[in-house]
Amino acid sequence: MKKTKLGITVGALGAITYFAGLFSGYMVAIILTGYVLLFEENAWLRKSAVKAVVLMACFSAAFAVLNLIPDAVSFIGNIAAVFNGGFVLTKLNQIITVFTSGLSILEKVLFLGLGIKALKQDTIAIPFIDSLVSTFID
């Protein structure tokens, strides 16, 4: 197996990057990706590190868009409260909560799967993300 300059296998560093994206958040994942892009030459590892950060950003964007809906409803409710009125869409908020919970489960399962597959220098194909990463790394 190919080794990195740190002395661990390429697959292990790829897995660490995915697991950092899942458990540690942006700071650690970006630092690891920066290290990989600056010092490692393995093409698979470079793509995997960037894929982890791009995937994190896509999930964050999806959560932000979903959470805009209850925020907008709350904003309208606050405006109505100024005029002694009320505006609440409880079912809509519950539906959004279901979607965000499902998205959170998908995120965890996907990052765990990617991390496990990375140990063997394999990946899970996500066409949209893979094409986006290919525009950055090639």
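Here, every reference points to the structure presented above.
Residues numbered from 1 in each chain as written. Predicted model: local features only at pLDDT ≥ 70, side-chain atom pairs only at ≥ 80, totals over all residues. Heavy atoms only, no water.

J.: I'm lost on the nonpolar core in this one. Help?
T.: Generally speaking, soluble globular proteins have nonpolar side chains that are buried together. Core analysis: the largest hydrophobic core is formed by 32 residues, its most contacted members being Leu55, Phe59 and Phe111. Going through the elements one at a time, α1 (10–23), α2 (26–39), α3 (43–82), α4 (90–118) and α5 (127–136) are the ones with two or more residues in this core. With 12 residues, α3 is the single largest residue contributor to this core. In this view, phenylalanine 111 contacts Tyr18, Phe19, Gly21, Leu22, Ala52, Leu55, Met56 and Phe59; residues no more than four positions away in its chain are not counted. (Core = buried A, V, L, I, M, F, W, Y, C linked by side-chain atoms within 4.5 Å. Buried < 20%, exposed > 50% of the residue type's maximum accessible area, 1.4 Å probe, protein only. Helix = DSSP H or I, 4+ residues; strand = E, 2+ residues; numbered from the N terminus. Contact = heavy atoms within 4.5 Å.)

J.: So what exactly am I meant to see when it comes to a nonpolar patch on the surface here?
T.: On the surface, a cluster of nonpolar side chains totalling about 700 Å² of accessible area is made up of Phe75, Ile76, Ile79, Val82, Phe83, Phe87 and Leu89. The partly exposed category is assigned to isoleucine 79, whose relative accessible area is 39%. (Patch = residues over 30% accessible without salt bridge, like charges linked within 9 Å, V, L, I, M, F, W, Y side chains within 5 Å. Areas by Shrake-Rupley, 256 points an atom, 1.4 Å probe, with all protein chains shown as cover. Salt bridge = Lys/Arg side-chain N within 4 Å of Asp/Glu carboxyl O.)

J.: Mind showing me how you'd approach the pattern of salt bridges here?
T.: Opposite charge on two side chains makes pairing possible when the charged atoms of those side chains draw close. Scanning all chains against the criterion turns up 3 salt bridges. The partner of glutamate 41 in a salt bridge is lysine 5, and the shortest N-O contact between them spans 3.8 Å. Highlighted residues: glutamate 41 in the loop between α2 and α3 and lysine 5 in the segment before α1, separated in sequence by 36 residues. By the burial criterion, glutamate 41 is exposed, and lysine 5 matches it. Notably, a salt bridge pairs aspartate 130 with lysine 51, separated by 2.9 Å at the nearest N-O pair.

J.: What exactly am I supposed to notice about the environment of leucine 45 here?
T.: With respect to the element layout, leucine 45 can be found in helix α3. In this structure, the C-alpha to C-alpha distance between leucine 45 and glycine 11, residues 34 residues apart in sequence, is 7.5 Å. Apart from the residues within four sequence positions on either side, leucine 45 is in contact with Thr4, Val10, Leu13, Gly14, Val36 and Glu40.

J.: Help me understand α3, please; the structure alone is not making it clear to me.
T.: Within an α-helix, residues lying three or four positions from one another point in the same direction, as the helix has 3.6 residues per turn. With 40 residues, α3 ought to run about 58 Å at 1.5 Å a step, and its terminal C-alpha atoms sit 58 Å apart, in line with that. The largest bend in α3 is about 25°, located at leucine 68, with the proline proline 70 one to four residues further on. Two or three places before tryptophan 44, at the opening of α3, asparagine 42 has a side-chain oxygen 2.9 Å from that residue's backbone nitrogen. Asparagine 84 sits one or two positions beyond α3 and adopts a positive phi of about 60°. (Expected span 1.5 Å × (residues − 1). Bend = angle between axes of the 7 residues up to and from the residue. Polar contact = N/O pair within 3.5 Å; in protein donor to acceptor, adjacent residues only side chain to side chain.)

J.: Sorry, what's going on with the environment of asparagine 67 here?
T.: Mapping asparagine 67 onto the fold places it in helix α3. The partly exposed category is assigned to asparagine 67, whose relative accessible area is 35%. Linking asparagine 67 and valine 82, residues 15 residues apart in sequence, is a C-alpha distance of 23 Å. Once you skip the residues sitting within four places of it in the chain, asparagine 67 turns out to touch Ile96 and Thr100.

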